[in-house]
Amino acid sequence: MKWNSGTLLYIHVAPKASANMVELDEAELIEGKGIVSDRYYNETGTYSPIPDIREVTLIEKEVLDSLAANQPPPSG
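Since the structure is predicted, the reported quantities are computational estimates derived from the model, not experimental observations.

K.L.:
Could you clarify how one ought to interpret the overall build of the chain in this entry?
P.N.:
Tallying secondary structure elements over the chain gives 1 helix and 4 strands in all. Secondary structure elements in the chain, listed N-terminal to C-terminal, are β-β-β-β-α. The C-alpha extent of the chain, read off along each of the three principal axes, is 35 × 30 × 25 Å. Buried residues in the chain amount to 12% of all 76 residues. Here the analysis covers contacts within the chain between residues at least 6 apart in sequence; of these, 22% occur between residues at least 24 apart. In the form shown here, the chain has an accessible surface area of approximately 6,800 Å², with 53% of it arising from carbon and sulfur atoms. Charge-centre separation for the chain: the mean point of 6 positive side chains lies 5 Å from the mean point of 12 negative side chains.

This is how it looks when you write it as structure tokens:
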């Protein structure tokens, strides 16, 4: 998959599984660990015990807009 350039609008973390998300103004990212203070960095996330290669999740604004409008996300 080829990604076009974009703009990071928001950074949210949660300290543990099912905790409310907290918006950050800036974040420290550690290679192989993720975002400092996030549940997966702290290994307290729901999927922490499952080996994975992802430390962060990116969600396109268009997808969030579609979800808010109860529409299917744009294909592309």
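Having seen it, we continue.
K.L.:
I tried to follow unusual backbone geometry on my own but got confused; where do I start?
P.N.:
Peptide bonds are, in most cases, trans, and in most cases residues other than glycine have a negative phi. Here the phi dihedral of Glu 43 falls at roughly 60 degrees; this positive angle occurs in a residue that is not glycine. By secondary structure assignment, the location of Glu 43 is in the loop between strand E4 (34–35) and helix H1 (61–68). The phi dihedral of Asn 70 is positive, around 55 degrees, even though this residue is not glycine. Take Asn 70: it is sitting in the segment after H1.

K.L.:
Please clarify how the layout of surface pockets should be interpreted in this entry.
P.N.:
In this approach, a probe sized like a water molecule rolls over the atoms, and the result shows the empty space that is left. A volume near 1,800 Å³ is recorded for the largest pocket. Lining the largest pocket are 40 residues, and of these Val 56, Thr 57, Leu 58, Ile 59 and Glu 60 lie nearest its centre. At the level of elements, strand E1 (11–13) and H1 are the ones that each hand at least two residues to the lining of the largest pocket. Looking at side-chain class alone, the lining of the largest pocket contains 19 nonpolar, 10 polar and 11 charged residues.

K.L.:
I would appreciate a short explanation of the pattern of salt bridges in the present structure.
P.N.:
Any two side chains of opposite charge can pair, given that their charged atoms come close. For the coordinates displayed, the defined rule picks out 3 salt bridges. One salt bridge connects Lys 61 with Asp 65, and the closest N-O pair in it is separated by 3.0 Å. With Lys 61 and Asp 65 both in helix H1 and 4 residues apart, this pair spans about one turn of that helix. Asp 65 sits in the partly exposed class, given a relative accessible area of 40%.

Basis of the calculations
Residues numbered from 1 in each chain as written. Predicted model: local features only at pLDDT ≥ 70, side-chain atom pairs only at ≥ 80, totals over all residues. Heavy atoms only, no water. Helix = DSSP H or I, 4+ residues; strand = E, 2+ residues; numbered from the N terminus. Buried < 20%, exposed > 50% of the residue type's maximum accessible area, 1.4 Å probe, protein only. Contact = heavy atoms within 4.5 Å. Areas by Shrake-Rupley, 256 points an atom, 1.4 Å probe, with all protein chains shown as cover. Lys, Arg positive; Asp, Glu negative; His and termini not counted. Charge placed at Lys NZ, Arg CZ, Asp CG, Glu CD. 1 Å grid on protein atoms, 1.4 Å probe; cavity = no way out; pocket = protein on both sides within 12 Å on 5 of 7 lines; lining within 4 Å. Points joined across faces, edges and corners; volume = space filled by probe spheres on them. Nonpolar A, V, L, I, M, F, W, Y, C, P; charged D, E, K, R; others polar. Salt bridge = Lys/Arg side-chain N within 4 Å of Asp/Glu carboxyl O.

Keep in mind these values describe shape, not function.
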